[in-house]
Amino acid sequence: MTISPPTALKPAPDDHLGSVDSLISGLASVGYIASRRIATAVYMAVHLQKPILVEGSAGVGKTELALSTSALLGLPLVRMQCYEGLDESKALYEWKYGKQLLYTQILKDRMGEALADAPDMDAAMKRLHGVGDLFYSEEFLEPRPLMKALKEDDGCVLLIDEIDKSDEAFEAFLLEVLSAYQVSIPELGVLKAKTPPLVFLTSNNVRDLGDALKRRCLHLHIPLPDAALEQKIVASRVPGIEAKLTQELVGFVQSLRTLDLRKAPSISETVDWARALILLNASSLDGEVVRDTLNVLLKFEQDIEAVAPQVVELIRKPLV
């Protein structure tokens, strides 16, 4: 049995959604060097219309994957940053209370006229109910990220960033969005997406996510890259860097990750360090320039103090 690809999302330029290989090259064209596993997960998410849960340590490119996919597909990006205490009103919608109060003041003066010819109390109450319904219409609604994503007629990329920082109640609230691409609004009914968004959820594994959420998503874990892939990433993100310097700095970073550090450098730190070395006109690594810039790679002073005496040895360590 074959599954026809949905027509919900518009095809990317040059048919980058035609195959996994074309998606790899498409992502590379917008600056994201994807492994085959990453590209396969995104390809399936698009064609199966499934959310994708992207896990991994901070700085490995989880958020950047959503941003790059948005750029590649030419779709707007709707981003929702998660945090402790995030609730439905901040994620879905809020009522424009100021506008409602303003309209209330305007109608207050007219209320007597509107009810003057009502034959009895029941008739008056019916008219008041009609006015009440008016105040709970889309005109008085302020859409937040989830509603904005569902209301995009031509689809979008919805990034739910760091979902593991939200609490379990919010995670449960998301289930309807992730399974049916719809939300239930008590005053208005069910709002269903005309074109389902492509949903990326990212997690730094601060806490374990529930089974119900995981069942609704494809799973992708992005590990720290091997040396060959990291060199490609640096070359892509830092145009003009010499191959020799790229090899040396990636080798040094790879060696750092074998040490017992509080926080090993991730891809984002490698790229930042490469840019710093270019700024300092470094053509190769030496002990002085590495010690002067260790604070770009390492975020804790105890790690910097532990690595500083080993710098020369780590520079000379062969890349495996």
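Residues numbered from 1 in each chain as written. Predicted model: local features only at pLDDT ≥ 70, side-chain atom pairs only at ≥ 80, totals over all residues. Heavy atoms only, no water.

1. A look at the packing of aromatic side chains
Summed over all chains, the structure comprises 2 aromatic pairs. For the pair Phe 170 and Phe 173, a centre-to-centre distance of 5.7 Å together with 40° between the ring planes defines the contact as tilted. Highlighted residues: Phe 170 and Phe 173, both in helix α8 (residues 168-173), separated by 3 residues, approximately one helical turn. With centroids separated by 5.4 Å and ring planes inclined at 40°, the aromatic side chains of Phe 252 and Trp 273 adopt a geometry described as tilted. Here Trp 273 lies in helix α13 (residues 267-279) and Phe 252 lies in helix α12 (residues 243-256), a separation of 21 residues in the sequence. Note on Phe 252: relative accessible area 1%, which makes it buried. (Phe/Tyr/Trp six-rings, centres within 6.5 Å; stacked < 30°, edge-to-face > 60°. Helix = DSSP H or I, 4+ residues; strand = E, 2+ residues; numbered from the N terminus. Buried < 20%, exposed > 50% of the residue type's maximum accessible area, 1.4 Å probe, protein only.)

2. Things to note about the confidence of the model for the chain
Caution applies to low-pLDDT regions: their predicted coordinates should not be interpreted in detail. Residues of the chain with pLDDT of at least 70 account for 80%, and the chain-wide mean is 85. In the model, residues 1-7 has pLDDT below 50 throughout and makes 5 contacts with residues more than four positions away in sequence or in other chains. (pLDDT = per-residue confidence, 0-100. Contact = heavy atoms within 4.5 Å.)

3. A look at the layout of surface pockets
In this structure, the largest pocket occupies an estimated 530 Å³ of space. Lining the largest pocket are 31 residues, with Tyr 32, Gly 59, Val 60, Gly 61 and Ile 267 positioned closest to its centre. At the level of secondary structure, the elements contributing two or more residues to the lining of the largest pocket comprise α2 (36-48), α3 (62-73), β9 (218-221), α11 (227-237) and α13. When residues of the lining of the largest pocket are assigned to their parent elements, the largest contribution, 5 residues, is made by α13. Looking at the lining of the largest pocket, its residues break down into 13 nonpolar, 9 polar and 9 charged. (1 Å grid on protein atoms, 1.4 Å probe; cavity = no way out; pocket = protein on both sides within 12 Å on 5 of 7 lines; lining within 4 Å. Points joined across faces, edges and corners; volume = space filled by probe spheres on them. Nonpolar A, V, L, I, M, F, W, Y, C, P; charged D, E, K, R; others polar.)

4. Some points on the packing of α12 against α13
At their nearest, the axes of α12 and α13 sit 11 Å apart, and the two run at 135° to each other. Regarding the angle of α12 to α13, the classification is oblique. Of the two possible hands of crossing, α12 and α13 adopt the one that is right-handed. On the side of α12, the interface is formed by Leu 245, Leu 249, Phe 252 and Val 253, while α13 contributes Thr 270, Trp 273, Ala 274, Leu 277 and Ile 278. A class-by-class count of the residues in the contact of α12 with α13 yields 8 nonpolar, 1 polar and no charged. (Axes fitted to C-alpha atoms, helices over the stretch in contact; angles between N-to-C directions. Parallel < 35°, antiparallel > 145°, perpendicular 65-115°, else oblique. Left-handed = near helix turned anticlockwise from the far one by under 90°.)

5. Regarding the nonpolar core
What tends to happen in soluble globular proteins is that the nonpolar side chains get buried as a cluster. If you look at the biggest cluster of nonpolar residues, it comprises 53 residues, and the most contacted ones within it are Leu 65, Phe 200, Leu 249, Phe 252 and Trp 273. Per-element tally for this core: the top contributor is α12, with 6 residues. Each residue touching Phe 200, except ones within four places of it in the same chain, is listed here: Val 42, Ile 52, Val 54, Leu 65, Ala 66, Thr 69, Val 157, Leu 158, Leu 159 and Ile 160. Among the nonpolar cores identified, the runner-up in size contains 32 residues, and Cys 82, Leu 146, Ala 149 and Phe 170 belong to it. (Core = buried A, V, L, I, M, F, W, Y, C linked by side-chain atoms within 4.5 Å.)

6. Observations regarding the sheet that holds strand β8 (residues 198-203)
Spatially, 5 strands are ordered β2-β5-β8-β1-β9 in an open sheet, and the strand pairing comes out parallel. A strand with exactly one partner marks an edge of an open sheet, and here the two such strands are β2 (77-81) and β9. The average undirected angle you get between the axes of adjacent strands in this sheet is 20°. With respect to the sheet, α2 is in contact with β1 (52-55), β8 and β9, its orientation differing from that of β9 by roughly 160°. The strands touched by α3 are β1, β2, β5 (157-161), β8 and β9; relative to β8, the strand with the most contacts, the crossing angle is about 165°. (Pairing = 2+ DSSP bridges.)

7. Description of α13
End to end, α13 covers 19 Å across 13 residues, agreeing with the expected 18 Å (1.5 Å per residue, within 8%). Within α13, burial applies to Ile 267, Glu 269, Thr 270, Val 271, Trp 273, Ala 274, Ala 276 and Leu 277. Residues of α13 that are buried make contact with α11, α12 and α14 (287-297). Backbone geometry just downstream of α13 places Asn 281 in the positive-phi region, at approximately 60°. (Expected span 1.5 Å × (residues − 1).)

8. Side note on the environment of Val 289
Take Val 289: it is sitting in helix α14. Along the backbone, Val 289 and Leu 277 are 12 residues apart, and their C-alpha atoms lie at a distance of 8.0 Å. Setting aside its immediate chain neighbours within four residues, Val 289 contacts Leu 277, Leu 280, Ala 282 and Ser 284.

9. A short note on the pairing of β8
Most of β8 is tucked away, with 6 of its 6 residues classed as buried. Covered by surrounding structure in β8 are Leu 198, Phe 200 and Thr 202 together with Val 199, Leu 201 and Ser 203, the residues of both alternating faces. Note that β1 and β8 share 4 bridges and pair parallel. Pairing of Val 54 across the sheet is with Thr 202, part of β8. In this sheet, β8 lies alongside β5 in parallel orientation, the contact comprising 4 bridges. When the sheet's bridge partners are listed, Ile 160 is paired in β8 with Leu 201.

10. Things to note about the pattern of salt bridges
Within this structure, the stated rule accounts for 9 salt bridges. As a salt-bridge pair, Arg 36 and Asp 21 come within 2.5 Å of each other at their nearest N and O atoms. Of this pair, Arg 36 sits in helix α2 while Asp 21 sits in helix α1 (residues 20-29); the two residues are 15 residues apart in sequence, bridging distant segments of the chain. You can call Asp 21 partly exposed: its relative accessible area is 47%. Residues Arg 257 and Glu 230 are paired through a salt bridge, measuring 2.8 Å at the closest nitrogen-oxygen approach. Of this pair, Arg 257 sits in the loop between α12 and α13 while Glu 230 is found in helix α11, placing the two residues 27 residues apart along the sequence. By relative accessible area, Glu 230 is classed as buried at 0%. (Salt bridge = Lys/Arg side-chain N within 4 Å of Asp/Glu carboxyl O.)

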